[in-house]
Amino acid sequence: MIGLISATAAGAAARDRLAAAWPDRTRVYDGPVGAAVRRAFAECEQLVCFLATGAVVRLVAPLLGDKVADPGVVCVDEGGRFAVPLLGGHAGGANALAREVAELLGAQPVVTTATDAVGLPGLDTLGLPVEGEVAAVTRALLDGEPVALETEVAWPLPPLPCTGSSAAGGYAVRVTDRAVEPGAREVLLRPPTLVVGVGASRGAPAEEVLEVIEGALREAGLSRRSVASLATVDAKAEEPGILEAAARLGVPVVTYSAGELASVAVPNPSEAPLAAVGTPSVAEAAALREGGELLVPKRKSGGSPAMATCAVVRRPGRGRLAVVGLGPGARDLLTPRAKDELRRASVLVGLDQYVDQIRDLLRPGTRILESGLGAEEERARTAVAEARRGHAVALIGSGDAGVYAMASPALAEASADIDVVGVPGVTAALAAAALLGAPLGHDHVSISLSDLHTPWEVIERRVRAAAEADLVVTFYNPRSRGRDWQLPKALAILAEHRRPGTPVGVVRNASRPDGTARVTTLAGLDPATVDMMTVVTVGNTATRTVAGRMVTPRGYRWQEEPA
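Residue numbering note: each chain is counted from 1, following its sequence as written. A pLDDT threshold of at least 70 governs which residues receive local features in this predicted model, and a stricter bar of 80 or more applies before side-chain atom pairs are shown or counted, although totals over entire chains, interfaces and linings include all residues. Hydrogens are left out, water is left out, and the side-chain values use all remaining heavy atoms of the structure.

> Would you mind showing me how to read the overall build of the chain here?
Helix and strand assignments follow DSSP, with helices taken as H or I runs no shorter than four residues and strands as E runs no shorter than two, numbered in order from the N terminus. If you tally the helices and strands in the chain, you get 18 helices and 28 strands. With respect to the three principal axes, the spread of C-alpha positions in the chain is 95 × 65 × 50 Å. Burial status follows relative accessibility: with a 1.4 Å probe on protein chains alone, a residue under 20% of its type maximum counts as buried, one over 50% as exposed, and anything between as partly exposed. When each of the 563 residues of the chain is scored for burial, the buried share is 46%. What makes two residues a contact is simply this: any of their non-hydrogen atoms within 4.5 Å. For the chain, the proportion of contacts with a sequence separation of at least 24, taken over those separated by at least 6, is 65%.

Structure below.
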């Protein structure tokens, strides 16, 4: 919950805008400001104070406890011009909250955290448990000193400008699930790589379940902070001892049916669980169900009789492939989600000219793999291969990456061993339509006239079908130096079914500074004025030109025109 506190009418007006926009996230604290801050500080995860920063400093100073536990505090000035994260920029989420508040109020976020200011991900903001000399290693990264990145287990991290070696005494970031203590000048990141399979008799005490789990981890030299989940059979989904053990470890319980577990090959099957729950293995089979390396085979607890068993599996870190649409080219049409994915990726794969568009948005340390025109399949294979190595990868394309772009070849290569995220973008057809008016107000279709990937016979059949169905048609890749006859042919097919005066929109470099947009007619369009940077939109039989704009009505009948 976010506590909102104000002292003046102007502050209350801005406060009420946040409360109205986030009704389920916020709570307004009225009354004397000092008492309101104290109540909100005790009850909320974050605070937004519409007060001077000096006043808030004095009010919260006596309340400060622990950096990890204190709420994030953001101050907004009386004029609503600035949102300042005052406390808990990382741990309390105040930096991110300041940006949200600023966007909603039309203010400027003022983030002073060093890593955020230079685009470096904070080591304590990666979503992983962190141990060691965070401040010292972060300072070394900021100062450009050599810092080694040691990945004992693969995990898709955002880019870190680590360039040093692992020589003794140097700064280091180590990604490990082993139970080791951080050395001097070292930070340990604990990825959730371990799955603990658990079997338990009815009524098994939580202490006994925990004892067998922690004993197995200790003897194998594994960190409990890297445990991702406890896994068991459906029949034990409500077993109190397992649920309590999971709660104390801070992890979820994942369950599988007996049939699913019975299909898993295990080294130590047993007749007892087969008779009890219908599978010859619970602990080992549940841990291995999603694959991985069995680090600790089934072991029993020390009770007499033993009431719990466990097994530990290390699952490989799953790489992450984000297929990102950059939009038609204008920076303000690049979505916030796309920007987030670009900053998250440690590896960027893309066409060189698209990389140039967003190079300034990448974090320091991002590895860029760029290539020229005509290498789409190669880029797709490269991106998938990098994700399979455990990296966080962004594969970029113009417009929407799923429309005549990189998503199709990439997903044709990708298998279930990586995570794939699609990030939509504004397509060229939509950007062009917005400039032309409302040409896509009813059913429409996009057709590429390039026969590099599709035989012309197929393209022609599709154009003819769209013409007969009276669909608005947007032509991508309409004409190039070596393909100058396809657009006239396509227009001729449409002309068999539409009047010569049918409106046609011609947009070149939609949304870019040198972009142009014009409306002509089916009979008046000169194909020689069109190139590969152009999108051509041909209206249907109902499309009209109104005040110079293309309009296709939503209904099937056009309003009566004046005589």
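There's plenty left to go through after this.
> How should the sheet that holds strand β28 (residues 549–551) be read in this particular structure?
The strands making up a sheet are joined through hydrogen bonds of the backbone, oriented either antiparallel or parallel. Two strands qualify as a pair provided DSSP detects at least 2 bridges between them. Sheet architecture is open: three strands sit in the order β21-β28-β27, paired in mixed fashion. Strand pairing shows two members of the sheet lacking a second neighbour, β21 (437–438) and β27 (544–546), which therefore form its edges. Bridge count between β27 and β28: three bridges; the pairing is antiparallel. Looking across to β28, one finds that Arg544 is bridged to Val551.

> How should I be thinking about the nonpolar core in this particular structure?
With 23 residues, the main nonpolar core has Val196, Val198, Val209, Ile213, Leu217, Leu230 and Val312 as its most contacted residues. For this core, the secondary-structure elements that each account for two or more residues are β11 (194–200), α7 (206–220), β12 (227–233), α8 (240–249) and β15 (308–314). Among the elements that take part in this core, α7 stands out by supplying six residues, more than any other. Leu449, Leu494, Val506 and Val530 belong to the second-largest nonpolar core, a separate cluster that totals 21 residues. Grouping buried Ala, Val, Leu, Ile, Met, Phe, Trp, Tyr and Cys residues that are joined through side-chain atoms within 4.5 Å yields what is termed a nonpolar core.

> How should the packing of aromatic side chains be read in this particular structure?
Only the six-membered ring of Trp is used, alongside the rings of Phe and Tyr, when aromatic pairs are assigned; centres must lie within 6.5 Å, and planes under 30 degrees apart are stacked while those over 60 apart are edge-to-face, with the rest tilted. Enumeration over the complete set of coordinates arrives at two aromatic pairs. Each ring, one from Tyr404 and one from Tyr476, has its centre 4.7 Å from the other, and the planes form 55°; the classification is tilted. You can see Tyr404 sitting in the loop between β19 (392–397) and α15 (407–413) and its partner Tyr476 sitting in strand β23 (residues 472–476), a full 72 residues away along the chain. The class for Tyr404 is partly exposed, based on a relative accessible area of 45%. Overall, Tyr476 belongs to the buried group, its relative accessible area being 11%. Relative to Trp485, the ring of Trp456 has its centre 5.1 Å away and its plane inclined at 70°; by these criteria the two rings are edge-to-face. Placement of the pair is Trp456 in helix α17 (residues 456–468) and Trp485 in the loop between β23 and α18 (486–495), with a sequence separation of 29 residues. By relative accessible area, which is 10% here, Trp456 ends up buried.

> For this particular structure, what's the right way to read the packing of α7 against α8?
For any two helices packed against each other, one specifies the crossing angle of their axes together with the interaxial distance. Note on geometry: axes are lines fitted to C-alpha atoms, helical ones only across the stretch in contact, with angles between N-to-C directions running from 0 to 180 degrees. Where α7 meets α8, the closest approach of the two axes is 8 Å, and the angle between their N-to-C directions is 55°. With respect to α8, the axis of α7 lies oblique. Note that α7 runs across α8; the crossing there is right-handed. Residues Ala206, Glu207, Val209, Leu210 and Ile213 of α7 lie in contact with α8, whose contacting residues are Gly241, Ile242, Glu244, Ala245, Arg248 and Leu249. Classes in brief: Ala, Val, Leu, Ile, Met, Phe, Trp, Tyr, Cys and Pro nonpolar; Asp, Glu, Lys and Arg charged; the others, Gly included, polar. For the contact of α7 with α8, a count of residues per class yields seven nonpolar, one polar and three charged. Any angle from 65 to 115 degrees is called roughly perpendicular, while one under 35 is roughly parallel, one over 145 is roughly antiparallel, and all others are oblique. The hand of a helix crossing depends on one turn: near helix anticlockwise from the far one by less than a right angle means left-handed, and clockwise means right-handed.

> Can you help me understand the sheet that holds β23 in this one?
An order of β22-β23-β26-β24-β25 is seen for the five strands of this open sheet, with the pairing classed as mixed. Edge strands, defined here as strands with exactly one partner in the open sheet, are β22 (444–448) and β25 (516–521). Between one strand and the next, the sheet's axes are offset by a mean angle of 20°, whatever the strand orientation. With five bridges connecting them, β22 and β23 associate as parallel partners. Residue Ile447 lies in a different strand from β23, and its bridge partner there is Phe475. Most of the contacts of helix α16 (residues 428–436) go to strand β24 (residues 503–508), to which it runs at about 115°, and overall it touches β22, β23, β24, β25 and β26 (534–538).

> Looking at this model, I keep getting lost on the pattern of salt bridges. Mind explaining?
Side chains that differ in charge, positive against negative, can pair when their charged atoms come close. Note on definitions: salt bridges are taken to be side-chain nitrogens of Lys or Arg within 4 Å of carboxyl oxygens of Asp or Glu. For the structure shown, the criterion picks out 30 salt bridges. Glu150 serves as the salt-bridge partner of Arg174, at 4.0 Å between the closest nitrogen and oxygen. With Arg174 in strand β9 (residues 171–175) and Glu150 in strand β8 (residues 147–151), this pair connects stretches of sequence that are 24 residues apart. When its relative accessible area of 11% is taken as the criterion, Arg174 is described as buried. Sharing partners across several salt bridges, the network here consists of Glu150, Glu152, Arg174, Arg178 and Glu186.

> Help me understand the pairing of strand β16 (residues 320–325), please; the structure alone is not making it clear to me.
A regular strand places its side chains on the two faces of the sheet in alternate fashion. By the criterion of burial, β16 is predominantly enclosed, with six of the six residues buried. Bridge count for β16 against β19 is six bridges, and the pairing is parallel. Paired with Leu321 across the strands is Val393, a residue of β19. Examined bridge by bridge, β16 and strand β20 (residues 419–423) share five bridges and lie parallel to one another. Of the residues in β20, the one forming a bridge with Ala322 is Val421.

> Quick question: what am I supposed to make of α8 here?
At 3.6 residues per turn, the α-helix brings residues three or four places apart onto the same side. Along α8, the residues that are buried comprise Gly241, Ile242, Ala245, Ala246 and Leu249. For α8, the buried positions fall inside an angular range of 135° around the axis, keeping them on one side. Residues of α8 that are exposed and angled more than 90 degrees away from the buried face: Pro240 and Ala247. The elements touched by buried residues of α8 are β11, α7, β12 and β13 (253–256). Taking the helix axis as origin, the arc is that swept by the directions to the C-beta atoms.

> I would appreciate a short explanation of the environment of Pro280 in the present structure.
Its place among the elements puts Pro280 in the loop between α10 (271–277) and α11 (283–288). On a C-alpha basis, the gap between Pro280 and His497 in space is 69 Å, while along the polypeptide they are 217 residues apart. Residue contacts for Pro280: discarding those within four places in its chain leaves Ala262, Pro269, Ser270, Pro273 and Leu274.

> How should the packing of α17 against α18 be read in this particular structure?
Taken N-terminus to C-terminus, the directions of α17 and α18 make an angle of 30°; their axes are 9 Å apart at the nearest point. As judged from the angle between their axes, α17 and α18 are roughly parallel. Between α17 and α18 the crossing geometry is right-handed. On α18, the residues that touch Trp456, Glu460, Val463, Arg464 and Ala467 of α17 are Gln486, Lys489, Ala490, Ile493 and Leu494. In terms of residue class, the contact of α17 with α18 is made up of six nonpolar, one polar and three charged.

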